[in-house]
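# Chains, contacts and geometry: an overview
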Amino acid sequence: MTEYFLLLVSTILVNNFVLVKFLGLCPFMGSSRKLEVATGMALATTFVLTLASASSYLVNTYILVPLEVEFLRTIAFILVIAAVVNFTEMVVHKTSPMLYQVLGMFLPLITTNCAVLGVALLNVQTGYGFFESVLFGFGAALGFSMVMVLFAALRERLAASDVPEIFQGAPIALITAGIMSIAFLGFAGLDKGL
Amino acid sequence: MISAIIALALLAAFFGLVLGFSAIIFKVEASPVVEQIDKLLPQTQCAQCTYAGCRPYAEAIAEGEAEINMCPPGGQQTIQAIADLLDVEALPLAGGEEAQEEPGPILAIIDEQTCIGCTLCIQACPVDAILGAAKQMHTVIAAECTGCELCVEPCPVDCIDMVGVEENIKTWKWPKPVNHINHPLPLGNFELISEKTAGSF
Amino acid sequence: MSESLTRKVTQQVGQNIRKIFSFHGGVKPPHRKSMSLQHDIMQGSIPPKLYLPLAQHLGQAATPAVKVGDKVLKGQLIADLDGPISARIHAPSSGTVVAITKLPIPHPSALTAECIVIETDGNDEWIEHQGAATPQTIAREEIRHYVEQAGIVGLGGAVFPSAVKLDVSPDKKIHTVVINAAECEPYITCDDMLMRERAEEVILGARLIQKALNAKSCLIGIEDNKPEAYQILLKATANYSQDGVQVVQIPAIYPAGGEKQLIKVLTDIEVPTQGLPTDVGIICHNVGTAAAVYRAVYHGEPLISRIITLTGEAVKKPGNYEALFGTPLGFLLDSVEYDPEQVHRLLIGGPMMGFGLTDLRAPLIKSCNCIIAAVNNELDTPPPAMPCIRCGRCAESCPMSLLPQQMYWFSKARDLEKVQDYNIFDCIECGCCSYVCPSNIPLVQYFRYAKSEIWGDESDKQKADLARERHEFQEIRKVRAKAEKAAAAAKRKAALAKKKAAEEKKKALSEAEEAEGNKPESKKTATKENNTAKKNDSDKTESSSAEEDPIKAAMQRVKEKKAQNKPQPKNTDNLTEAQQKQIEEVDARRAKTNESDKEKQEDDANV
């Protein structure tokens, strides 16, 4: 039980995928201008990540390994992720057309989110079982969501503030992200034992 | 080698089937982004964007044929709103210095002494804001006029003028305060603006 | 200021102890009221010309009820209601209407507006007026009628038409009338003097309002910096305690005179966000309004004057004046000997919520309760604003419990959606946040800017929606017109074709008849065929070649039958000349009628 809790702490805080591992920076910068968009993107990515890590684990264990075609891992995972993202797109379109409109182009771009592929490959690398893989994916998604929401809130306040012209927009956002990243270094060592 | 191809092919087939089924199950009617863009446009139907009206321009934007910065009556605000809706970059108003936003609301006014009752302006008005009939006096309904200037051209006796709408206490808006240490006022103008400050103990 | 403050107030004999409460925030600026309390209310003199703006109240401006050149008496109606939220305007003195034109008005925009100009004749002659016959037992509905007739609006500064406030819908039960005697803003003392000198009028007016709304209790809230007025009010209400009338003294914190704040202090009820006091069963009126209601009901006098405080250190004789509406403010200031050289700032209203007076020709209107002529160092403009240091003092002092800091950032960035998320429309623009800001940021100005931008955007959107509707309707109309034109053209074509076919048919038939040789018969049958052909034409508007054959066939059949069963004409063989001529005349006439009928039919088909 403790291992699962520590696994969550590790993926959400200590080894946060965005601020510590520096994966998934594309939607992090692109969808964080408004809080609603960021929340929507976070939810969509959570859905995708959990499904993707589950299905990639299954594909790896029951197709790739038995057939001894591990060299196809990257391609196969990308195929899985693309399919899952497509499926998610359809679900989002049906359940919340507004969110679909709001996310726009960034929804299919989750396919190229290196965090998703990263989670899938890391699962295999670390040799997790099925439940651990799903938990790992879910934890990564939670960490990603938390950082997205925090960053979007900060960016909204930055947009309204007196930022010097040369820093307005992307520069001040990246500086803020850097400072957040330094802050997250403070969590180092929390997951001792893993 | 063969097993690799078979594996990939099977995977692709499986996911293809899954996606195909979900496409049918989760089918959605095309969402009318054209409606949403049209809602943001100012509806002057003036054709300054080179399209026949606001709706055709909205359709062109939705199809990606037109840029979002071609509407002078909408101004930078409309461009920003469309940019936010479509999640694209907000460009500055096209045309540079010439196509700046109009200085204020303008209305068409018909000089009744000169009007000959030819109905050409009535046919030109895109919102039916001109009242009149053949050989009868024509007049612009001020409340309906959008200031698109399409009626000025067709008039054979040139009796239509565009006049600025005077500000009155109902349309007056509070100005944005600029009395800030980073934007020092020229000396002497100090009192003029700060006359309006409240809480000025 | 954030500690909750509850204390029992011991009152004089005859009053119950009433617990009072507190509202969040507020500030305590120096009162500076003693300046204008040195003598009684003075009567302002009648100026040579009176300028009455048509828009002296919230809602629709009034419409003129007089023309240029009309002679008017004091109290005569000169502008009538326009719309559900409007008020009347009456002539403050007798004279002649000399103009109805745009003139400067006291407004922060320094714009002009339509005014009726009356040149006074100095007689100050009243029009015939009479109050209610038995005001003590007047019916509820009549009170409202008198108030509307008198053109009474809220004299606390909001100038909302009071008749509308007395016309509460039956599903909103009012249990308490709050009379606002707080007068919380510094410098202003007009309500104080009104209560000191005319407490009776105020109380009777309050009773009338209570009766009109059928409220159980009537609470008069007065700040504790007005002890004399408090004592006088207590005496005046001594006989009404069983009617639920009670005078309550409240701590002098600005803005305790704000409607929602006063309700909170007196009853601990919070008016919900963007709601009205009627939503919680309370209505609030100013003491000045109550006195005006008294005058309207008991004496039939319309609202033509008000008490205004003229104060500030640039004024030699500061005090309260009862002045007629329409008096130019410069005239009023002259009558208190203000020194134009010394004046550094001229404010209409108080120092917290007032605005600058730029044109001294602007007239006194129903909303002006004070003019401050301040000298140097008395009410100086604040130094330029510095960046916000996010100290949060503004949020601590906001009486509506809003977050001025957040509203400031978003107003500055023109993020109108976010500004509304922070409830900007609950802001009463009291000025507490600007007062406490250490960076001297003019916060209220930002909020006013944001509010007017939001309203402007909304009205633009409405206009755009209307234009779009009209444009879409125009498209539909054009399509419909085109279709109708096409249908009419088709109809015309068909009628023409049918007529042509009928003519050809007729020709063919008549030729066939002539071939048979029976002239009178042929004529008759020809006429008959004309009639049948005509009937067919008029009955069937859409002809088709397929129908023509059965018609032809039927006609053939009828002809044959007729030929068989035709009654032999008996007296047609040996006709006399006269009879022959008669017959010919009749035939000719018939033929002519047939032709004209045919022509008419052609015309009808061509339309």
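Reading the values: rules and limits
Residues numbered from 1 in each chain as written. Chains lettered and ligands numbered in written order. Predicted model: local features only at pLDDT ≥ 70, side-chain atom pairs only at ≥ 80, totals over all residues. Helix = DSSP H or I, 4+ residues; strand = E, 2+ residues; numbered from the N terminus. Buried ≥ 20, exposed ≤ 12 C-beta atoms within 10 Å, placed from the backbone. Contact = placed C-beta atoms within 7 Å. Nonpolar A, V, L, I, M, F, W, Y, C, P; charged D, E, K, R; others polar. Pairing = 2+ DSSP bridges. Core = buried A, V, L, I, M, F, W, Y, C linked by C-beta atoms within 7 Å. Domains from an automatic or database assignment.

### What to know about the overall build of chain C
Helix and strand counts for chain C stand at 16 helices and 19 strands. Counting only residues that meet the buried cut, chain C has 43% of its 607 residues in that class.

### Some words on helix α6 (residues 259-267) of chain C
Residue and element names in this part refer to chain C. The buried fraction of α6 is high, at nine of nine residues. Within the span of α6, buried status applies to Glu-259, Lys-260, Gln-261, Leu-262, Ile-263, Lys-264, Val-265, Leu-266 and Thr-267. Tucked inside the fold, the buried residues of α6 contact β11 (176-181), β12 (217-223), β13 (245-250) and β14 (282-286). Positive phi appears at Asp-268, one or two residues downstream of α6, with a value of about 60°.

### Some words on the interface of chain C and chain B
Between chain C and chain B, the contact holds 38 residues from the first and 34 residues from the second. When residues of the side of chain C that touches chain B are traced back to their parent elements, those giving at least two are β18 (355-356), α12 (432-436) and α13 (443-516) of chain C. Among the elements that line the side of chain C that touches chain B, the one with the most residues is α13 of chain C, at 14 residues. Considered class by class, the residues forming the side of chain C that touches chain B number 21 nonpolar, 12 polar and five charged.

### A closer look at the sheet that holds strand β19 (residues 370-374) of chain C
Residue and element names in this part refer to chain C. The strand order β3-β16-β15-β19-β17-β18 describes an open sheet built from six strands, whose pairing is mixed. Whereas interior strands pair on both sides, the edge strands pair on one side only; in this sheet they are β3 (42-43) and β18. Where strand β15 (residues 305-311) lies against strand β16 (residues 319-324), six bridges are found, and the strand directions are antiparallel. Opposite Ile-308, over in β16, you have Tyr-321 as the bridge partner.

### Examining the interface of chain C and chain A
Contacts between the two partners involve six residues from chain C, matched on the other side by four residues from chain A. Of the residues assigned to the side of chain C that touches chain A, the class counts are four nonpolar, no polar and two charged.

### Overview of the nonpolar core
Among the nonpolar cores identified, the biggest contains 145 residues, and Ala-206, Leu-233, Val-293, Ile-308, Ile-371 and Ala-373 of chain C are the most heavily contacted of them. Ranked by residue count, the leading element in this core is helix α4 (residues 199-213) of chain C, at nine residues. When residues of this core are assigned to domains, at least three map to each of domain 1 (1-30 + 136-301) and domain 2 (393-455) of chain C. Not counting the four nearest positions on each side in its chain, Ala-206 of chain C is found in contact with Val-177, Ile-179, Cys-218, Ile-220, Val-245 and Ala-290 of chain C. Counting residues in hydrophobic clusters, the runner-up holds 55 residues, among them Ala-38, Ala-42, Ile-81 and Ala-152 of chain A.

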